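# Analysis of the macromolecular model
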Amino acid sequence: MMERKSGYVQWSKEELLAHIEKIEQQRKYGLVWDEERVQEEFESQSLTSLPVLQPIPSHSVSLNPNQPTHILIEGDNLHALSVLNYTHENAVDLIYIDPPYNRGLRDSNDFRYNDKYIDRSDTFRHSKWLSFMAKRLLAAKTLLKESGAIFVSIDDHELAQLKLLMDDIFGEENYKNTILLRRGAKNVQAQFDTIDKLSSGYEYVLFYSKTPNQRFAKMVKELEQTKPGAWNNHWRGTDRPTMRYELFGITPQTGQWRWGRARSLAAIENYQLMLQEIGGTENELTASKIDAWFLAKSAELGEEVDLLRLSVGKKPEHYIPPTDTTLLNDVWFDISPNSTSVLKSIFGKKVFDNPKPLELIKRISKFVGRDAVVLDFFAGSGTTAHALLEMNEEDGGQRQIILVTNNENDICTEVCYPRFKKILAGYENSRGVQVKGFGGNLKYFRASFVKNQASEMLNQCTDLLCLKHGIYTLEKESDAAGWKIFSSLHTYLAVCYRVDDEALDALRVEMNQIKAEKILYCFTTDPAEVNACNFSNWENLRVLPVPPGILNLYRRSRS
């Protein structure tokens, strides 16, 4: 990529024409920014070296083979996302991220570009942030399943820009909500007689799906006080002629009754039964008496009881039971602002500013299944891992967690990784109480680069196949025949580097002795060399093509 010169005077005619052509091609409406002003270090280094993820075996945690193996990646998240596109394309159910908010402050929580803080004096501050985010969101979108969803935390400094950016990348039709979160409102202006603006007490979470027709499970949240039962009009405006029938001598000419005939008639009988069992006249009924009868009768029958009556205004109305929950909307003020006390309990001191609350991640995780693959590529202190491991413990789920964080200020090695390890294996909290771990397993990777060396690249490609399937234990290898066999609890993975008859025959003998699910990959620059007839005598075997991204790395090392 051509490095931008300072000032058009120094540009050649060809550079000026190319720049004008680019401007002419840009959209006339929507989000536009200078996206090529400064190339990121990862992009520059990728021109001469190959990005990979280097396993760090000393940081692995192995506690229970029946539980998921989670992944923690230390390094630049654009690097990590680029490699995950080789291994986890269309494989992630849920993404949650809490990116730097670009407040223009020079502190540990704000936006850095190529290891430099971007402050308010930088005239390309917003462009750099948008360029930074766009690359990562584009890579992340490829990882999401068609049924997937993404949630992004943000504050008002970049909310408007991020909304337009995500509309562009994920599609405006896939926008679901802007969720409001409470945050501690610190107003330093209280000491002055005048203010320059109102303090902000909110943050936001943008919620998008991968496809427009995606639907999610209905969710509720607890109310601070139980809402008593009430009565509601039984007529509704939806026009269904088959739901218009006589009730209390009334047949609607338009719209419909809320329930079918049989259910409505049964509800009228239930109301009469309630009057008999409570006793007294209808005028003596109180809301508390009705609620008490409803709860007792529903408990007795094991299901909720419908009630239907004619109101004082001579309109049919049905009973809405008392509840201590309400349907979840986009205002999540019931979630406390942060979980600093949780981190202090683990480490005995403050190690991170403003960690996201566990309850936020838990609630977001309920939008997908209990066996979801969940990615957080701005992992910070590791709150996402902590919340999801708690969820697995609470509901028996098998969620797999993929965290990515850089190591600025030792955040990965001194906070995120130790926290992840502690909540897996257990730890002694700041009060000296032993806290039981949630169990599970962890593989630690570090973003790195390798040169185009064939032998080294082949090992890295093999590691990526293991990462793709979550199969890491090396069972057997043959340098002479050119293959390796890896295992997990229920599946074996074979990687073959030669496709001649001698190598395949030797591997077939080994694989046919294994009575489990088996997967085979064969590395070759010519796919025609791998023929299905070569594997007719193999038992219970799936021969899969090497994923294109990994195959391209392999081919680059051979070029």
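Scroll up to find the structure.
We now turn to the structure provided with this report. Remember, it's a predicted structure, so these values are computed and weren't measured experimentally.

## With respect to the pattern of salt bridges
Applying the stated criterion across every chain yields a total of 28 salt bridges. With a closest N to O distance of 2.8 Å, Lys163 and Asp167 form a salt bridge. Residue Lys163 and its partner Asp167 are located together in helix H5 (residues 159-170), separated by 4 residues, close to a single helical turn. Here Asp167 falls in the buried class, since its relative accessible area comes to 15%. Lys362 is paired through a salt bridge with Glu390; the nearest N and O atoms lie 2.6 Å apart. Here the residue Lys362 occupies a position in helix H9 (residues 358-365), and Glu390 occupies one in helix H10 (residues 383-395), the gap between them amounting to 28 residues. Using a relative accessible area of 6% as the deciding quantity, one classes Lys362 as buried. The exposure class assigned to Glu390 is buried, which follows from its relative accessible area of 19%. Shared partners join several salt bridges into a network, and the residues in it are Glu40, Glu43, Asp76, Lys135 and Arg136.

## Considerations on the pairing of strand S26 (residues 517-522)
Burial analysis of S26 places 5 of its 6 residues in the buried class, which makes it a mostly covered element. Taking the sense of rotation as the criterion, the β-α-β connection linking strand S25 (residues 491-496), helix H13 (residues 501-512) and S26 turns out right-handed. Relative to strand S27 (residues 541-543), S26 runs parallel, the two sharing 3 bridges. Of the residues in S27, the one forming a bridge with Leu520 is Val543.

## Some points on the sheet that holds strand S15 (residues 316-320)
Strand pairing in a sheet is mediated by backbone hydrogen bonds. Such pairs are either parallel or antiparallel. The 3 strands lie next to each other as S11-S15-S14, forming an open sheet whose pairing is antiparallel. The open sheet terminates on both sides in strands that have one partner only, identified here as strand S11 (230-233) and strand S14 (308-310). For this sheet, the mean angle separating the axes of adjacent strands, direction not counted, is 40°. Pairing of S11 with S15, which is carried by 4 bridges, proceeds in the antiparallel orientation. If you follow Asn232 over to S15, its bridge partner there is His318. In the packing of helix H6 (residues 261-278) onto the sheet, the strands contacted are S11 and S14, and the crossing angle to S14 comes to about 75°.

Calculation criteria
- Residues numbered from 1 in each chain as written.
- Predicted model: local features only at pLDDT ≥ 70, side-chain atom pairs only at ≥ 80, totals over all residues.
- Heavy atoms only, no water.
- Salt bridge = Lys/Arg side-chain N within 4 Å of Asp/Glu carboxyl O.
- Helix = DSSP H or I, 4+ residues; strand = E, 2+ residues; numbered from the N terminus.
- Buried < 20%, exposed > 50% of the residue type's maximum accessible area, 1.4 Å probe, protein only.
- Right-handed = clockwise from strand over helix to strand, strands pointing away.
- Pairing = 2+ DSSP bridges.
- Axes fitted to C-alpha atoms, helices over the stretch in contact; angles between N-to-C directions.
- Contact = heavy atoms within 4.5 Å.

These values are about where atoms sit, not about what they do.
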